[in-house]
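Observations on the three-dimensional arrangement
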Amino acid sequence: MRAGLAAFWVLAAALEIYRRLSGGLPELLGVIGPWSVLVMTILPVVEAAREFRYHEPVEGTKSALWALLGIVTLLAGPQWLRFG
């Protein structure tokens, strides 16, 4: 799961670089961007809860740390990745 999360955040960073260089992104990304960030914020929390339940606190902490990227992005990230 962590590889998929890493791939998502690398893709989001690449799209942000593209947006800054070209000046825009397709409208569809502005619509699905915040929802995908929200999902990628909730999934690590769910995975962490599952790992804590199976008495794997180190792995649970690693998973929970991935949620921080989503929280920071939703609060202070690029406009196309935030609600509002």
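As the structure is a computational prediction, the values presented were derived from the model and not from experiment.

Counting residues in each nonpolar core, the largest one holds nine residues, listed as L5, F8, W9, A12, L25, V37, M40, W80 and L81. Elements with a minimum of two residues in this core: α1 (2–22) and α2 (27–53). When residues of this core are assigned to their parent elements, the largest contribution, four residues, is made by α1. With residues up to four places along the chain from it excluded, the contact list for A12 reads W80 and L81.

Now for the environment of V31. Counting through the fold element by element, V31 comes out in helix α2. When the C-alpha positions of V31 and V72 are compared, they lie 19 Å apart, and in sequence the two are 41 residues distant.

So, on to unusual backbone geometry. At H55, a residue that is not glycine, the phi angle is positive and equals roughly 60 degrees. With respect to the element layout, H55 can be found in the loop between α2 and α3 (57–76).

The next point concerns α3. Its 20 residues place the ends of α3 29 Å apart at the C-alpha level, agreeing with the 28 Å of an ideal helix rising 1.5 Å per residue. Looking only at α3, the buried set comprises G60, S63, A67, G70 and T73. Down the axis of α3, the buried set is contained in an arc of 130 degrees. They therefore lie on one face. Exposed residues lying more than 90 degrees from the buried face of α3 are V58, L65, V72, L75 and A76.

How each quantity is defined
Counting of residues starts from 1 at the beginning of each chain's written sequence and follows it residue by residue. Local features in a predicted model are, by the rule used here, given only for residues with pLDDT of at least 70; side-chain atom pairs are given and counted only at 80 or more, and totals for whole chains, interfaces and linings are based on all residues. To get the side-chain values, take all heavy atoms of the structure and skip hydrogens and water. Side-chain atoms within 4.5 Å link the members of a nonpolar core, which is a set of buried Ala, Val, Leu, Ile, Met, Phe, Trp, Tyr and Cys residues. Exposure categories follow from relative accessible area, calculated using a 1.4 Å probe and restricted to protein chains: below 20% of the type maximum is buried, above 50% is exposed, and the middle band is partly exposed. Numbering of helices and strands starts at the N terminus; helices are DSSP runs of H or I of at least 4 residues and strands are runs of E of at least 2. Between two residues, a contact is recorded if the distance between any of their heavy atoms is within 4.5 Å. Expected span, for any helix, means 1.5 Å times one less than how many residues it has. To be clear, the arc concerns the directions from the helix axis to the C-beta atoms.

Without other data, these values stay purely geometric and don't point to any function.
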